[in-house]
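Observations on chain architecture
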Amino acid sequence: IHDVDHCGVPNAQLIKEGTRIASVYNNRSVAEQNSLVLAWDLLMLDEYDELRSIICETGAELTRFRQLVVNAVMATDIADKDLKALRNARWDKAFKGATSLAEEESRFGDSVNRKATIVI
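Everything in this summary refers to the structure shown in the same document. Numbers given to residues run from 1 along each chain, matching the order in which its sequence is written. For a predicted model such as this one, the threshold for reporting local features is a pLDDT of at least 70, and the threshold for listing and counting side-chain atom pairs is 80 or more; totals across whole chains, interfaces and linings nevertheless cover every residue. Excluding hydrogens and water, the side-chain values take into account all heavy atoms of the structure.

Any Lys or Arg side-chain nitrogen located within 4 Å of an Asp or Glu carboxyl oxygen qualifies as a salt bridge. With the rule as written, the count across this model stands at three salt bridges. For Asp82, the salt bridge identified is with Arg28, shortest N-O distance 3.4 Å. With a gap of 54 residues between them, Asp82 in helix 6 (residues 81-95) and Arg28 in the loop between helix 2 (20-24) and helix 3 (30-43) connect regions that are remote in the sequence. We call a residue buried when its accessible area falls under 20% of the maximum for its residue type, exposed when it is over 50%, and partly exposed in between, using a 1.4 Å probe and counting protein chains only. Of the residues examined, Arg28 reaches a relative accessible area of 38% and is grouped as partly exposed. Between Arg52 and Asp49 there is a salt bridge whose closest N-O contact spans 2.1 Å. With Arg52 and Asp49 both in helix 4 (residues 49-55) and three residues apart, the pair spans about one turn of that helix. For Arg52, a relative accessible area of 15% corresponds to the buried category. Here the salt bridges do not stand alone but share partners, grouping Arg28, Asp80 and Asp82 into one network. Numbering of helices and strands runs from the N terminus; a helix is a DSSP stretch of H or I covering at least four residues, while a strand is a stretch of E covering at least two.

Put into structure tokens, the structure is as follows:
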């Protein structure tokens, strides 16, 4: 999904040049948002019904899958300071403060799975 339709120009340059795509995404994570929209629109086509049903059996699972995909792709925009602050806060929440695995599990329950997704 990452870099679908990427034109090889950094977000900063797209914004500086005032491109249409930059304005569509309000000059924020331009390439990443564009990639997500195009990829998700493809996945939602009727011809991919079977694939979607294998990936996600319920609407709730599809919603969660979309959240994970969006978080993963948006995490690739390393230049966005707000996203970096959000990632750092997620990291701190997942990893700081606990001194042992047992303590982490008592704080977070399924901490292993949470750590796999929380930092992106």
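To continue, consider unusual backbone geometry. For residues other than glycine, phi is negative in most cases, and the peptide bonds are mostly trans. Residue Asp5 is not a glycine yet carries a positive backbone phi of 65°. When you line up the elements, Asp5 lands in the segment before helix 1 (11-16). Residue Asn27 is not a glycine yet carries a positive backbone phi of 60°. As for its position among the elements, Asn27 is in the loop between helix 2 and helix 3. The class for Asn27 is partly exposed, based on a relative accessible area of 41%.

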